[in-house]
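Remarks on the overall topology
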Amino acid sequence: MDIIFLRDLRIETVIGIFEWERRIRQTISFDLEMATDIRRAAASDSIEDTLNYKAVAKRLIDYVGNSDFQLVETLAERVAEIVMKEFDVPWLRLTVNKTGAVRGARDVGVIIERGDTGEKGNG
Ligand SMILES: Nc1nc2c(c(=O)[nH]1)N=C([C@H](O)[C@@H](O)CO)CN2
């Protein structure tokens, strides 16, 4: 299994459970690891044969920028669904980081893994 990744993709959105949070936009940082097989693209050297990380980023900037969830959990789940369905990604690990949301902590948020790499286990 190979991984194409995006790190620290920062998107402004409405997110939070408190009334004051519904009136402002906050920056959420996304780390995304997407399972893929890069061998065809490496052989052809063509963008048509790979998972275009720029296309993924553009889609997430559009979606997240227009969303207004309360919980980072909901945002994470919706983003994972979009990436898996629209970009044919069988497995991903996604970190949704609401940096600075808790006094005394730098980073808070969720990490989720969804799907299956399709690889056989060791047994
Ligand atoms: N598990 C979660 N806990 C909390 C969330 C959340 O989205 N998931 N959100 C908040 C507030 O919106 C916080 O980020 C603002 O201080 C608190 N706990």
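Residues numbered from 1 in each chain as written. Predicted model: local features only at pLDDT ≥ 70, side-chain atom pairs only at ≥ 80, totals over all residues.

Quick look at the overall build of the protein chain now. Regarding its fold elements, the protein chain presents three helices and four strands. The principal-axis extents of the C-alpha atoms in the protein chain amount to approximately 50 × 35 × 25 Å. In the protein chain, which comprises 123 residues, the share counted as buried stands at 19%. Across the protein chain, every contact between residues at least 6 apart in sequence was considered, and the portion connecting residues at least 24 apart equals 59%. (Helix = DSSP H or I, 4+ residues; strand = E, 2+ residues; numbered from the N terminus. Buried ≥ 20, exposed ≤ 12 C-beta atoms within 10 Å, placed from the backbone. Contact = placed C-beta atoms within 7 Å.)

A word on the UniProt feature "domain: Dihydroneopterin aldolase/epimerase" (unreviewed entry) in the protein chain. UniProt records the feature "domain: Dihydroneopterin aldolase/epimerase" (unreviewed entry) at residues 4–114, using the numbering of this structure. Helix makes up 31% of residues 4–114 and strand 31%. Its end C-alpha atoms lie 15 Å apart. (UniProt positions renumbered as here; feature names shortened; annotations may be inferred.)

A few words on the site of the ligand. Taken together, Gly-16, Ile-17, Phe-18, Glu-21, Leu-71, Val-72, Glu-73, Lys-98 and Ala-101 are the residues near the ligand. Residue composition of the shell around the ligand, grouped by class: five nonpolar, one polar and three charged. (Near = placed C-beta within 6 Å. Nonpolar A, V, L, I, M, F, W, Y, C, P; charged D, E, K, R; others polar.)

What the four strands build is an open sheet, ordered β1-β2-β3-β4; its pairing is antiparallel. Two strands lie at the open edges of the sheet, namely β1 (2–13) and β4 (109–115), each paired on one side alone. Within the sheet, the average angular offset between the axes of one strand and its neighbour, ignoring direction, is 15°. For strand β2 (residues 26–36) and strand β3 (residues 91–97), the ladder comprises six bridges, and the chain directions are antiparallel. Directly across from Met-34, in β3, lies its bridge partner Leu-92. Here helix α2 (residues 53–65) sits on the sheet in contact with β1 and β2, set at roughly 30° to β1. (Pairing = 2+ DSSP bridges. Axes fitted to C-alpha atoms, helices over the stretch in contact; angles between N-to-C directions.)

This part covers the packing of α2 against helix α3 (residues 72–86). What describes two packed helices is the angle between their axes and the distance between those same axes. Relative orientation of the contacting elements α2 and α3 amounts to 140°, with a least axis distance of 11 Å. Between α2 and α3, the angle is such that the two are oblique. In terms of crossing hand, the pair formed by α2 and α3 is right-handed. Residue-level contacts link Val-56, Arg-59, Leu-60, Tyr-63 and Val-64 of α2 to Leu-75, Val-79, Ile-82, Val-83 and Glu-86 of α3. Tallied by class, the residues present in the contact of α2 with α3 amount to eight nonpolar, no polar and two charged. (Parallel < 35°, antiparallel > 145°, perpendicular 65-115°, else oblique. Left-handed = near helix turned anticlockwise from the far one by under 90°.)

Counting residues in each nonpolar core, the largest one holds 19 residues, and the members touching the most others are Met-34, Val-79, Val-83, Leu-92 and Leu-94. The set of elements that each furnish at least two residues to this core consists of β2, α2, α3 and β3. Setting aside its immediate chain neighbours within four residues, Val-79 contacts Leu-60, Val-64 and Leu-94. (Core = buried A, V, L, I, M, F, W, Y, C linked by C-beta atoms within 7 Å.)

Okay, the environment of Val-83 next. Position of Val-83 among the secondary structure elements: in helix α3. When the 23 C-beta atoms within 10 Å are taken as the criterion, Val-83 is described as buried. For the pair Val-83 and Val-56, spaced 27 residues apart in the sequence, the C-alpha separation amounts to 7.2 Å. Apart from the residues lying within four places of it in its own chain, the contact partners of Val-83 are Leu-32, Met-34, Val-56, Val-89 and Leu-92.

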